[in-house]
Every structure is written in structure tokens, then in C-alpha cells.
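An overview of the molecular structure
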Amino acid sequence: MRLLVAALESEVVAFPAELEGFDRLITGPGKLPAAVNLTRALSAADYEEIVVVGTAGCIDPLLQGDLHEIAGAIQHDVTDPDGVVGQHLSLPARVGHDREGVVIATGDSFVDDAETVKLIRSLGAGLVDMETYAYFWVAAEFGVAIRVLKAVSDNAQDDAMTDWDAAVTACSHTLRERIRSDYGV
């Protein structure tokens, strides 16, 4: 059995309520809800794979308007005692796996301005979201394989929230087609 994970119900609106071979988990937005709710799910049942689907803001123009496999995640909203942005006091700077894919920067705020995008881009990420670092971290702690698919919903700058609201349904359909193609359901 696999676990299909999304932060928000709107990100899986194109998916059937029941998907053969998958349980479903909606964690809520942000790193803490993502970590707590995924931990609860993994404590309650055994899964062969976690499949995360969701939306992401694009901060690399080469990644605009597409669906991406995520290889790793960093945190853009932490700073270590020496003032190094992206470095946490006790967590690894990057989590993920060795598959080919994009690095995403996770933080607890919705990114929608050019200055923040510039800072995050300097950390080496191409996309931004609010949960992926937590999903990778929890999956590793439980020793469960994880796959993260993110559809680009906005450019993470001016009017990004308006763009996200308008794009989330289209992103959900794109993600649904990928799951159908890759898993046959």
C-alpha cells in the first residue's frame, strides 16, 4: 500500500476520493502540520512508499509551468547561530534522495516577492513550497521510500497568491494524469 499525501484538499481535487492501492492524507499547510500528520499516518500503518503531490512556486525561469520530480529539499526560513541562512541548528541543510530532480526550498510563509526569491535562489533551489522538507525528513526517520511531484502554480513573486488560487485546479489535473500514467490508477 502507498500513501498519497498533499498539503491541501484543493491540490487533489482532480483525484478520486478512493484511489486503488493508495491511502490518502491531507496534512495541512506548513512544516509542522506536515511533519505531525505524516508522523501520525506512518505510526498507524506500514506503507511501501509515500507519494507526495502538490503545488510549488517557481523561482527558476527554466522550470516555469511544468511538473517536476523533487530530488531534495532545503529550508529557506532558518538561520544558524552564525547567521547562515538555510542552515538549521540541528537538522541537515538538505534532505532527500539521489534521484534526478529539482531542489525545492521549504518555508512556513507563502513566497510572493522578488527579494525573497533572490535570497532563496542563492541557496540553490528552483522551486518553493511549505511542506516538502518536513515530508522528506519524516520519511527518512521512518525508513519509508518517498517520491515528491510538484506542479508549478505561480512565479513566487507579485500576485503569486492570486496566481496560485487560479492555478491550483489545473495543477491538480496535471498531477492526477502523472499518477495515472506512473501507477496505472
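That block above? That's the structure.
In this text the structure is predicted, and so the values were computed from the model without any measurement.

**Here's the deal with the pairing of strand 6 (residues 102–106)**
The side chains of a regular strand alternate between the sheet's two faces. Burial runs high along strand 6: 5 of the 5 residues are buried. Neither face of strand 6 is exposed, since Val102, Ile104 and Thr106 on one face and Val103 and Ala105 on the opposite face are all buried. One ladder, built from 5 bridges, connects strand 4 (residues 67–75) with strand 6; its direction is parallel. Bridging from a neighbouring strand, Gln75 pairs with Thr106 of strand 6. With 3 bridges joining them, strand 6 and strand 7 (residues 127–129) adopt parallel strand pairing. Note that in strand 7 the partner of Ala105 across the bridge is Val128. Once you follow strand 6 into helix 2 (residues 114–122) and on to strand 7, the crossover reads as right-handed.

Rules of the game
- Residues numbered from 1 in each chain as written.
- Predicted model: local features only at pLDDT ≥ 70, side-chain atom pairs only at ≥ 80, totals over all residues.
- Heavy atoms only, no water.
- Buried < 20%, exposed > 50% of the residue type's maximum accessible area, 1.4 Å probe, protein only.
- Helix = DSSP H or I, 4+ residues; strand = E, 2+ residues; numbered from the N terminus.
- Pairing = 2+ DSSP bridges.
- Right-handed = clockwise from strand over helix to strand, strands pointing away.

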